[in-house]
Amino acid sequence: MITLLSYLTVADNSGAREVQCIKFVGKQKRREGFLGDLLVLSVKRLRSRMKTRVKKGEVVLGLIVRLKQNSLRKNGTFIKFNDNAVILLNKKFEPLGTRIIGPISRECRTEKFLKISS
C-alpha cells in the first residue's frame, strides 16, 4: 500500500532514481494505492552519468508495478516484492523509459498499458 508523500524507486531507464507520491489519479478522496494504480509523482533523485528524460522536481505520472505489501490475487494467491517501484508515464500513458528493470506484476497488464507488459 502506497500512501501520500511516500518515496518509491523507479523501475525504468528514464533517468529518475527516486520519486515521491503527490496524489492518486482516480477517486477524489483516495488515500492509498495498490498494484496497477496511477499516481502523480515528483522526481526527487536522478541517476548519475545518464541522459535523463526528466528533471529534478518535475511532476510526472506513474504506474505502480511492485509493492512490498502482500497483494491478494483473484485466484487466491498472494504476491510480494522486495521494493515499492513505479514506471514513469507521459500524458498519453506511454512509458518514458525504453526498458523496464526487474519484474512487473500481472495486475499492470490492462488494455491501457499493453506496451508496458511487452
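*Asks:* Got a sec to walk through the overall build of the chain? Specific residues and values, please.
*Replies:* Along its length, the chain carries 1 helix and 9 strands. Tracing the chain from N to C terminus, the helices and strands come up as β-β-β-β-β-β-β-β-β-α. Whereas a compact globule of 118 residues would reach a radius of gyration of roughly 13 Å, the chain reaches 13 Å, a difference of no more than 12%. Overall, the chain is about 45 × 30 × 25 Å in size when its C-alpha atoms are taken along their principal axes. The buried share of the chain, taken over its 118 residues, is 40%. Looking at the chain alone, contacts between residues at least 24 apart form 54% of all its contacts between residues at least 6 apart. Element-wise, carbon and sulfur atoms account for 50% of the exposed surface of the chain, whose accessible area totals about 7,700 Å². A gap of 4 Å separates the mean positions of the 26 positive and 9 negative side-chain charges of the chain.

*Asks:* Lay out the pairing of strand β6 (residues 59-66) in plain terms, naming residues and giving numbers.
*Replies:* Judged by how many residues are buried, β6 sits mostly within the fold: 7 of 8 residues are covered. Judged from the 5 bridges that link them, strand β5 (residues 38-46) and β6 form a sheet pairing that is antiparallel. For V40, the partnering residue across the bridge sits in β6 and is L61. Where β6 meets strand β9 (residues 85-89), 5 bridges bridge the pair, whose relative direction is antiparallel. Each bridged residue has a counterpart across the sheet, and for I64 the counterpart in β9 is V86.

What counts as what
Residues numbered from 1 in each chain as written. Predicted model: local features only at pLDDT ≥ 70, side-chain atom pairs only at ≥ 80, totals over all residues. Heavy atoms only, no water. Helix = DSSP H or I, 4+ residues; strand = E, 2+ residues; numbered from the N terminus. Rg over C-alpha atoms; globule rule 2.2 N^0.38 Å. Buried < 20%, exposed > 50% of the residue type's maximum accessible area, 1.4 Å probe, protein only. Contact = heavy atoms within 4.5 Å. Areas by Shrake-Rupley, 256 points an atom, 1.4 Å probe, with all protein chains shown as cover. Lys, Arg positive; Asp, Glu negative; His and termini not counted. Charge placed at Lys NZ, Arg CZ, Asp CG, Glu CD. Pairing = 2+ DSSP bridges.

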